[in-house]
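# Summary of structural features
Below, each chain spelled out in residue letters.
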Amino acid sequence: MSETRRITLIVNGEHREAETPVRQHLADFLRGTLGLTGTHVGCEHGVCGACTVLVDGHAVRACLMLAVQAAGHEVTTVEGLSLADGTLHPLQQAFCDHHGLQCGFCTPGMLTTLVEFLAEHPAPSEEEVRLAISGNICRCTGYDSIVAAALAAARALRGDAA
Amino acid sequence: MKPAGFAYHDPQTVAEAVALLGRLENARLLAGGQSLMPMLAMRVAFPDHLIDLNRVEGLDGITVEQGVLRIGAMTRQRSIERSAAIREACPLMTEALTHVGHLQTRNRGTIGGSLCHLDPSAELVTVAAALDATIEVAGPEGQRDVAIADFPLGFMTPALAPEEMVVAIRIPLWPREHGYSFMEFARRHGDYAIVSAAALLVLDSAGRIARASVTLGGVGAAPLRVTTAETALVGEAPTPALFRAAAACCEGIEAMEDPQAPAWYRQRLAAVLTRRALERAWARATGEAA
């Protein structure tokens, strides 16, 4: 019952190849096998949203996907959001500027979710932002600062003055 | 919260998947995984074999042809939600999907998975029942059609043999000028509804109700059509009083009870949501609501 498979996939733009137990979910594979611990594992049954990553550009819960299912696909984790020189993604910068995190546990999931959302909704309303992150649980901020950060990031990404 | 061990299979064709189902003992199909993966993690499901449908060709896609909408079983809920063709031809489904889970789960969740998981409150099953859908099922003997009315055998039990799988759903479209509404009450957005109501209305040239569909989710073991309400509506001139009377039919329906809500609460919700859904559907049929 410890069946494993060798998989190849692209993670944050890099070609990766590794062995994984078939029952291992993608979040554990990213953290344990590839050492990308930015993806957080919270509830492990698809409720909290902390493990959200982008698969082929779509936000998915990495605990509800097996690592073997990611073979041949492109995965982006929170580590892949900033530029190579360390410049933060506009969303990350906005989270810093607007206190969009306290303990930071939900942040990787918030960021990856909002990357897809803002790409589709460049000028969202506050209500739309709240709906977009309704699948991500934060126990520190009360969400207001996260929503403010998302709206500021949307302005920055559109090129409006902040 | 780690799944117990299983053997993993990823067939490329429906025929291979069906052959695996026939050959393997205690096998489960993995579609979008948004229900099965938590069940594996919490170890309420213990398959020896997992047959992943995500690499099977030809199972996704949306077509509208000759008054029939056909959606492949592995079509993601998000693709359905975003489909302009469905928004135009079958807006009830688009509206219902806004209540299904969250962005992240709709990106993976599939319509076939929702149908086969058959949660009593599942929005897509309620919509399928409201629209008299037909389920296309593949098995070792070939393909067969199952009417949605015959699809649930009981609580979370679809009418599928162990070696069968759903490949698509077909929905006969309502006339373009129909009114529709999907409403639900849930404790939090994205949760399964405690009760949901779907209503569809077509008015004749005199403004009377020519055709009506009223469906409740979350009340019985599977979504149910309230035929008494439909009968009360057809042939009548739509008025708030008529909708109140039709909705009152829901109060007598035997409702399930669980820690979330007692039966009487579900019955009351069913009547209120049905009345509101009918009023919204009417407003849309007359062009007074978007």
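Residues numbered from 1 in each chain as written. Chains lettered and ligands numbered in written order. Predicted model: local features only at pLDDT ≥ 70, side-chain atom pairs only at ≥ 80, totals over all residues. Heavy atoms only, no water.

Looking at an unreviewed UniProt entry, one finds chain B named Xanthine dehydrogenase family protein subunit M and attributed to Roseomonas alba.

An unreviewed UniProt entry lists chain A under the name (2Fe-2S)-binding protein, with Roseomonas alba as the source organism.

Residue and element names in this part refer to chain B. Considered for burial, the residues of helix α1 (residues 14-23) that qualify are A17, V18, L20 and L21. Around the axis of α1, the buried residues are gathered within 160 degrees of arc, so they sit on the same side. Exposed residues pointing more than 90 degrees away from the buried face of α1 are listed as A15, G22 and R23. Where α1 is buried, its residues meet β1 (7-9), β2 (27-30), β3 (49-52), β6 (134-139) and β10 (165-172). (Buried < 20%, exposed > 50% of the residue type's maximum accessible area, 1.4 Å probe, protein only. Helix = DSSP H or I, 4+ residues; strand = E, 2+ residues; numbered from the N terminus. Arc of directions from axis to C-beta. Contact = heavy atoms within 4.5 Å.)

Residues and elements named next belong to chain B. Overall, the coordinates contain 2 aromatic pairs over all chains when judged by the stated rule. Geometrically, the ring pair formed by F243 and W282 is edge-to-face, given 5.5 Å between the ring centres and 65 degrees between the ring planes. Note that F243 is positioned in helix α10 (residues 240-248) and W282 in helix α11 (residues 263-285), a separation of 39 residues in sequence. On the accessibility criterion, F243 (0% relative accessible area) is buried. Summarising the aromatic geometry, the rings of W264 and Y265 are spaced 5.8 Å apart at their centres and angled 85 degrees between planes, so their arrangement reads as edge-to-face. Residue Y265 is classed as partly exposed on the basis of its relative accessible area of 29%. (Phe/Tyr/Trp six-rings, centres within 6.5 Å; stacked < 30°, edge-to-face > 60°.)

Enumeration over the complete set of coordinates arrives at 0 disulfides over all chains. In this structure A:C63 is not part of a disulfide, and its nearest cysteine sulfur, from A:C51, lies 3.8 Å away. Judged by its relative accessible area of 5%, A:C63 falls in the buried class. Of the cysteine sulfurs around B:C250, a residue in no disulfide, the closest is that of B:C249, at 6.6 Å. For B:C250, a relative accessible area of 1% translates into the label buried. (Disulfide = S-S within 2.5 Å.)

To continue, consider the side chain of B:Q34. Position of B:Q34 relative to the elements: it lies in the loop between β2 and α2 (36-41). The exposure class assigned to B:Q34 is buried, which follows from its relative accessible area of 16%. The contact partners of B:Q34, leaving out residues within four places of it in the chain, are A:L64, B:Q104, B:T105, B:R108 and B:G109.

All names here are of chain A. For chain A, the domain assignment lists domain 1 (4-79) and domain 2 (90-158). In this complex, domain 1 contributes 18 residues to the contact, which on the side of domain 2 involves 13 residues. Taken over both partners, the interface formed by domain 1 and domain 2 buries close to 1,100 Å², and the fraction arising from carbon and sulfur atoms is 59%. Linking domain 1 with domain 2 are 0 salt bridges, by the criterion used here. Run the count over domain 1 and domain 2 and you get 7 residue pairs in polar contact (both at pLDDT 80 or more). Contributing elements (two or more residues each) for the side of domain 1 that touches domain 2: β3 (52-55) and β4 (58-61). For the side of domain 1 that touches domain 2, the class distribution of residues is 8 nonpolar, 9 polar and 1 charged. (Domains from an automatic or database assignment. Buried area = accessible area lost by both parts, 1.4 Å probe. Salt bridge = Lys/Arg side-chain N within 4 Å of Asp/Glu carboxyl O. Polar contact = N/O pair within 3.5 Å; in protein donor to acceptor, adjacent residues only side chain to side chain. Nonpolar A, V, L, I, M, F, W, Y, C, P; charged D, E, K, R; others polar.)

All names here are of chain B. Look at N26: it is not a glycine, yet its phi comes out positive at around 50 degrees. N26 sits in the partly exposed class, given a relative accessible area of 40%. Here L118, not a glycine, exhibits a phi torsion of approximately 55 degrees, which is positive. By the element assignment, L118 lies in the loop between α7 (111-117) and α8 (123-130). Overall, L118 belongs to the buried group, its relative accessible area being 1%.

Moving on: the interface of chain A and chain B. Where the parts come together, the accessible area they lose is often given as the size of the interface. Contact with chain A, which involves 31 residues of that partner, is made by 32 residues of chain B. Summing both sides of the interface, chain A and chain B together bury roughly 2,700 Å²; the carbon and sulfur share of this comes to 52%. Viewed at the interface, chain B and chain A are joined by 5 salt bridges. The residue A:R5 makes a salt bridge to B:D10 at a minimum N-O spacing of 3.1 Å. Sorting the residues of the side of chain A that touches chain B by element identifies β4 and α3 (107-120) of chain A as the ones contributing at least two each. With 4 residues, β4(A) is the single largest residue contributor to the side of chain A that touches chain B. Here the residues of the side of chain A that touches chain B are counted per class, giving 13 nonpolar, 10 polar and 8 charged.

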